[in-house]
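# Descriptive analysis of the structure
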Amino acid sequence: MSCEISEVNEEVFWIEIHARHSLLHSILNCQVIPLTSSTCQLVRTQSYPGFVGFLFNLFFKRREAGETSEYLEVWKNYAQNHLQTL
């Protein structure tokens, strides 16, 4: 699977990551919502657009654990690189 960051909105701590594996396309939106000075909420929304995505959802109805870790790895790398430039 190949993952890439599609869009980032740093003001609201939001990121969109696209992934492709053959004909399957996945879109992951994540947002960190500060709750207190020491806690936050991570909101994660994943979709599989198109006909292949529809079939994937129809037959599997769940996310693959490995896919989630790949998304988080891409997000972590972005955050680490961004912090180094500040």
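Below or above, wherever it landed, is the structure these notes cover. Fair warning: this is a prediction, and the values are worked out from it, not measured in the lab.

## With respect to the nonpolar core
Formed by Ile-15, Ile-17, Ala-19, Leu-28, Cys-30, Tyr-71, Val-74 and Trp-75, the largest nonpolar core amounts to eight residues. Contributing elements (two or more residues each) for this core: strand S2 (14-21), strand S3 (24-34) and helix H2 (65-85). Leaving out residues up to four positions away in the same chain, Val-74 has contacts with Cys-3, Ile-5 and Ile-17.

## Side note on the side chain of His-18
Looking at the element boundaries, His-18 is found in strand S2. There is a polar contact of 3.3 Å between the side chain of His-18 and the side chain of Ser-6.

## A few points about the pattern of salt bridges
Applying the stated rule across the entire model yields one salt bridge. Between Lys-76 and Glu-73 there is a salt bridge, with the nearest N and O atoms lying 3.2 Å from each other. One end of the pair is Lys-76 and the other is Glu-73, both in helix H2 and three residues apart, which spans about a single turn. Take Glu-73: its relative accessible area is 38%, and that puts it in the partly exposed class.

## Considerations on the side chain of Gln-46
Within the secondary structure, Gln-46 is located in strand S4 (residues 40-47). Looking at Gln-46, its side chain comes within polar contact range of the side chain of Ser-26, at 2.9 Å. Side chain to side chain, Gln-46 and Arg-44 meet in a polar contact 3.0 Å long.

## Structural notes on the pairing of S3
Sheet topology note: the S2/S3 ladder contains eight bridges and is antiparallel. Considered in S3, the bridge of His-18 is made with Ile-27. Taken together, S2 and the strand that follows it, S3, pair antiparallel across an intervening segment of two residues, in which Ser-22 is found at a positive phi of about 60°. The pairing of S3 with S4 spans eight bridges and is classified as antiparallel. Among the inter-strand pairings, Leu-28 is bridged to a residue of S4, identified as Gln-46. In sequence, S3 turns back onto S4 through a hairpin of five residues.

How each quantity is defined
- Residues numbered from 1 in each chain as written.
- Predicted model: local features only at pLDDT ≥ 70, side-chain atom pairs only at ≥ 80, totals over all residues.
- Heavy atoms only, no water.
- Core = buried A, V, L, I, M, F, W, Y, C linked by side-chain atoms within 4.5 Å.
- Buried < 20%, exposed > 50% of the residue type's maximum accessible area, 1.4 Å probe, protein only.
- Helix = DSSP H or I, 4+ residues; strand = E, 2+ residues; numbered from the N terminus.
- Contact = heavy atoms within 4.5 Å.
- Polar contact = N/O pair within 3.5 Å; in protein donor to acceptor, adjacent residues only side chain to side chain.
- Salt bridge = Lys/Arg side-chain N within 4 Å of Asp/Glu carboxyl O.
- Pairing = 2+ DSSP bridges.

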